[in-house]
Amino acid sequence: HGDATLIMGDGRHPASDIVCPMYADPERCMALAASETRPVIMCEYSHAMGNSNGALHLFYDVFYSKEYPTVQGGFIWDFVDQGLRAPRKPKPRSLEDYHLKGNFGYGGDFGSTSGAADKWFCCNGLVNTDRRPKPAMEECKYLMQPLTMSASLSELGVKTRVQHRTGRSLRGLMLRWELIDDCRVITLRGSQKLSGACDQDLELHCSGYCKGTGGLWVRVWTELEEPTNYAPKGHVVAQECVMLRAPAPAGASHQSPRACIGSRAPLATALPTGVASVKHQGDVDEVTIQGSSYTASIRGGLLVGLRDVAGREILSTGHGASLDHSFWRAGTDNDRGGADVFFPQLAGILPRSMLSFARQWTDVGLENLTSRVRDYSWQGEEFTVDSDHGPERGRHFFRSSVRMSFGASSVTLRVKIVPNHRSGIVKLPCLPRIGLRFVLAPEFSRVSWLGRGPHECYPDRKASAPWCVHQRSVEDMHFPYMVPGECGGVADVHWVALQSGDGRGLLLEYSSDDAPPPEEGLLSGSPGARPAGMSGAQVSAARWTPSMAHAASHDFELLPAGRHCTEEPVVLHVDTAHSGIGGTGGATDAVWRFHKQYLIDPRTEEWNYTVTLTPLGPKQLEVAAGE
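Residues numbered from 1 in each chain as written. Predicted model: local features only at pLDDT ≥ 70, side-chain atom pairs only at ≥ 80, totals over all residues. Heavy atoms only, no water.

(A) Quick peek at the packing of aromatic side chains. Following the criterion strictly, the structure yields 16 aromatic pairs and no others. Ring geometry for Y510 against Y609: centres 6.2 Å apart, planes inclined by 35°, an arrangement best described as tilted. Within this pair, whereas Y510 is found in strand β24 (residues 505–511), its partner Y609 is found in strand β27 (residues 607–616), the two being separated by 99 residues in sequence. With respect to class, Y510 is no different from Y609; both count as buried. When the ring centre of F479 is taken as origin, the NZ or CZ atom of R132, which lies over that ring, is 5.9 Å away. The residue whose ring lies beneath R219 is W221, and the NZ or CZ to ring-centre distance is 4.0 Å. (Phe/Tyr/Trp six-rings, centres within 6.5 Å; stacked < 30°, edge-to-face > 60°. Helix = DSSP H or I, 4+ residues; strand = E, 2+ residues; numbered from the N terminus. Buried < 20%, exposed > 50% of the residue type's maximum accessible area, 1.4 Å probe, protein only. Lys NZ or Arg CZ within 6 Å of the ring centre and 35° of its normal.)

(B) Expanded view of empty space enclosed by the protein. Inspection of the entire model under this criterion finds six cavities of 30 Å³ or more. Within this model, the largest cavity holds a volume of roughly 150 Å³. Lining the largest cavity are 14 residues; nearest its centre among them are E486, C487, A542, W544 and P546. When residues of the lining of the largest cavity are traced back to their parent elements, those giving at least two are β25 (537–542), α8 (546–551) and β26 (570–578). The element contributing the most residues to the lining of the largest cavity is β25, with three residues. (1 Å grid on protein atoms, 1.4 Å probe; cavity = no way out; pocket = protein on both sides within 12 Å on 5 of 7 lines; lining within 4 Å. Points joined across faces, edges and corners; volume = space filled by probe spheres on them.)

(C) Representation of the layout of surface pockets within the structure. In this model, the second largest pocket occupies a volume close to 620 Å³. Looking at the lining of the second largest pocket, the elements with two or more residues in it are β17 (398–406), β18 (411–419), β24 and β27. For the lining of the second largest pocket, the element with the highest residue contribution is β27, accounting for five residues. The class makeup of the residues in the lining of the second largest pocket is 11 nonpolar, 12 polar and seven charged. (Nonpolar A, V, L, I, M, F, W, Y, C, P; charged D, E, K, R; others polar.)

(D) Just the packing of helix α2 (residues 26–35) against helix α3 (residues 56–64), in detail. Contact pair α2 / α3: the axes reach a minimum separation of 9 Å and the direction vectors enclose 15°. Comparing the axis directions of α2 and α3 gives the class roughly parallel. Between α2 and α3 lies a crossing of right-handed hand. In contact with P26, C29 and M30 of α2, α3 contributes L58, F59 and V62. Looking at the contact of α2 with α3 residue by residue, the classes come out as six nonpolar, no polar and no charged. (Axes fitted to C-alpha atoms, helices over the stretch in contact; angles between N-to-C directions. Parallel < 35°, antiparallel > 145°, perpendicular 65-115°, else oblique. Left-handed = near helix turned anticlockwise from the far one by under 90°. Contact = heavy atoms within 4.5 Å.)

Next comes the structure, spelled out in structure tokens:
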């Protein structure tokens, strides 16, 4: 166990009754199963440091597979972050008597002899120091639940099957269910006791509620009927959310598969059709576009204003440009994983393969890219702007072309991104993200979306996050990891709306005509244009920029002292490609490793995607309150 594996081998000593490797990845587990008859039980796997535990579902595909019966599982490292709240002196009387004013800290926060070299490596649990479960705990619970459940439409309504994985009785469990439409309205609920069999088929009589159009989902879950020695009455043993009817697609059907066809948001009324009026203010640099429900402003080739029908501004310049391209993320703990995190003084001479992703991104200047407009032109109500994105000096890293179409009620952005294969990015092992960044007015704090959720999820950690309509506040989307970094994202999003309390706001609908990424596999694979299995945008909303998160050493440092979170503009990322969060392992000395199939290849030829912006008025999009 532990660092002893570096000296004593990979857990295959003949004196042991079991094979107990440390941080084997799924591929290694399969190889061990093929060469060993002893049970394979990993003494550690899936390092849970910060926003981590990527590809956990692939381990469970192996654990549950009849093809690999000797691979029994293992122990995630570890349970809880060991951050500390430490007093400066005995018998502290106020927060001023504590280090960090009573906030949790880690190595080096409590004086020069408090383990600065260890940094935050003691904070690698599935539970935060404050005992709040991390989003990865949702993934663990879902993958470990002892029941499998499925559902489909039938003549009587919905046919559901419940089965215990190990053949145990279902007695003592209550099945509950609810039908959900594409506005998150629960149209019907029901419940039924389960029998003593190990599997059971049930008919949920709700046929009258299953007719019509629009998206329809059924959520089914099982609860304990009585308290047990491990959980109280009502404890949820297993749950599943199944799409019974897909929402209306955003565009016409295509013969060839696409990265994301998109879906229509369930607006209360049909939008006006036609085109907007374009008015040039003396020359092409100053342009006002008047639609039926919005007014847009273009200056110097940039979209600098978007006002609703009442003339209130939707965008903000509180955190820089209100609309720009985004290619970098604040590093996660796994992004920071590398020899340079422990030996920063040697980073300049270490082989590139030993450096963290975050260090390599910083070395080429990916976090400090400048956008420079090259050219722009108008043709009727369509506007095209071409820009370069790169360091202030040297070759550009990316070239973008955005074609904006101004309709009566919406602005459609058709984006093309071409990487420069002669620039420094070609040497990178992966790119963090490819997408757009919007800065919105502070009042748009309610986030509704069609995609994975409701908890934080990423391309390599989303099995527990059903694809459905969800709603949360911007503040609730954030998770306070010990060291700030990329967090709060949700995967496979087709549309997202940010609204104020009265329903005003902005709807963004995403689609891409690019070829779809490959399906996920048990082998690590190779980086691609998009992570394997990605079927929509990766979206996040926060009150700070990635640069602000990167500069903070603790969660409480994200905002300047005295600034209230709800006063800050909303930073919204809509990414057509976003790398996974890693932590899959593969070696004891590289617990932070990523499955390569979830990484973005910088040698990709181009990315193409579409984002349609629709300003919303009150009661135009009404999604039921969040979960």
